[in-house]
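Residues per chain, in single letters:
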Amino acid sequence: MHKGFKLAAIAALAMALAGCGGAKQDEAATAPSANSEPTAGSASPAAAATRTAIAAAAKPAAFAQCASCHSAEPGKHGIGPSLHGVYGTKAGEIPGYAFSDKLKASGLTWDDATLDHWLAGPIKMVPGTKMSYAGMSDPAKRAEIIAYLKTLK
């Protein structure tokens, strides 16, 4: 197989994996939050499109790595648990997902410092976790993801 073709195939596969779950996130952005009051016309296609555009603008590009396994939609688990409402919860307590015993026993609470450490290297932080992600070395990208996770309420 030609070396250039192999590289192109690997790049295409990586982009496809990074895009997994993206549609679910956009759908979640159009759903009203539990704290919002229904408004006249809130179910209109224009209102839904506006909410989707706002949510997409707030979603950092670095979140594409997360979206390959995680949904931002409440209760919609993929390979990993939904990240909707995860900020401020205890590790392993999102309903409907089978977390590893190691993560459930970790005693972690998902706040800024804990999420930053986790995103830098989950396997190093909690050996035995099911999350096989090697980690994100860029602290600015981790901060963008954490800021986004805070908005998923």
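Check the entry above for the structure.
Rules used in this analysis
- Residues numbered from 1 in each chain as written.
- Predicted model: local features only at pLDDT ≥ 70, side-chain atom pairs only at ≥ 80, totals over all residues.
- Heavy atoms only, no water.
- Helix = DSSP H or I, 4+ residues; strand = E, 2+ residues; numbered from the N terminus.
- Contact = heavy atoms within 4.5 Å.
- Phe/Tyr/Trp six-rings, centres within 6.5 Å; stacked < 30°, edge-to-face > 60°.
- Buried < 20%, exposed > 50% of the residue type's maximum accessible area, 1.4 Å probe, protein only.
- Salt bridge = Lys/Arg side-chain N within 4 Å of Asp/Glu carboxyl O.
- Arc of directions from axis to C-beta.
- Polar contact = N/O pair within 3.5 Å; in protein donor to acceptor, adjacent residues only side chain to side chain.

## Considerations on the overall build of the protein chain
Alright, step 1. When you go through the protein chain residue by residue, the secondary structure sums to eight helices and zero strands.
Alright, step 2. Going from the N terminus to the C terminus, the protein chain shows its helices and strands as α-α-α-α-α-α-α-α.
Alright, step 3. When contacts within the protein chain are restricted to residue pairs at least 6 apart in sequence, long-range pairs at least 24 apart make up 43% of them.

## Details of the packing of aromatic side chains
Alright, step 1. This structure, assessed with the given rule, holds three aromatic pairs.
Alright, step 2. With centroids separated by 4.8 Å and ring planes inclined at 70°, the aromatic side chains of F63 and Y148 adopt a geometry described as edge-to-face. One end of the pair, F63, is in helix α4 (residues 63–67); the other, Y148, is in helix α8 (residues 139–151), and 85 residues separate them in sequence. Here the two residues F63 and Y148 agree in accessibility, since each one is buried.

## Quick look at the pattern of salt bridges
Alright, step 1. This model, assessed by the stated rule, comprises three salt bridges.
Alright, step 2. A salt bridge links K104 to D101; the nearest nitrogen and oxygen atoms lie 3.7 Å apart. With a gap of three residues between them, K104 and D101 both fall in helix α5 (residues 101–104), about one helical turn apart.
Alright, step 3. As a salt-bridge pair, K150 and D112 come within 3.1 Å of each other at their nearest N and O atoms. Taken together, the residues span a long stretch of sequence, with K150 in helix α8 and D112 in helix α6 (residues 112–120) at a distance of 38 residues.

## Here we look at α6
Alright, step 1. Those residues of α6 lying buried are T114, L115, W118 and L119. The arc enclosing the buried residues of α6, seen along the axis, measures out at 125°, which places them on a common side.
Alright, step 2. Here α6 starts with a cap whose side-chain oxygen sits 3.3 Å from the backbone nitrogen of A113, and that cap is D111.

It is worth stressing that arrangement in space is one thing and function is another; only the former is reported here.
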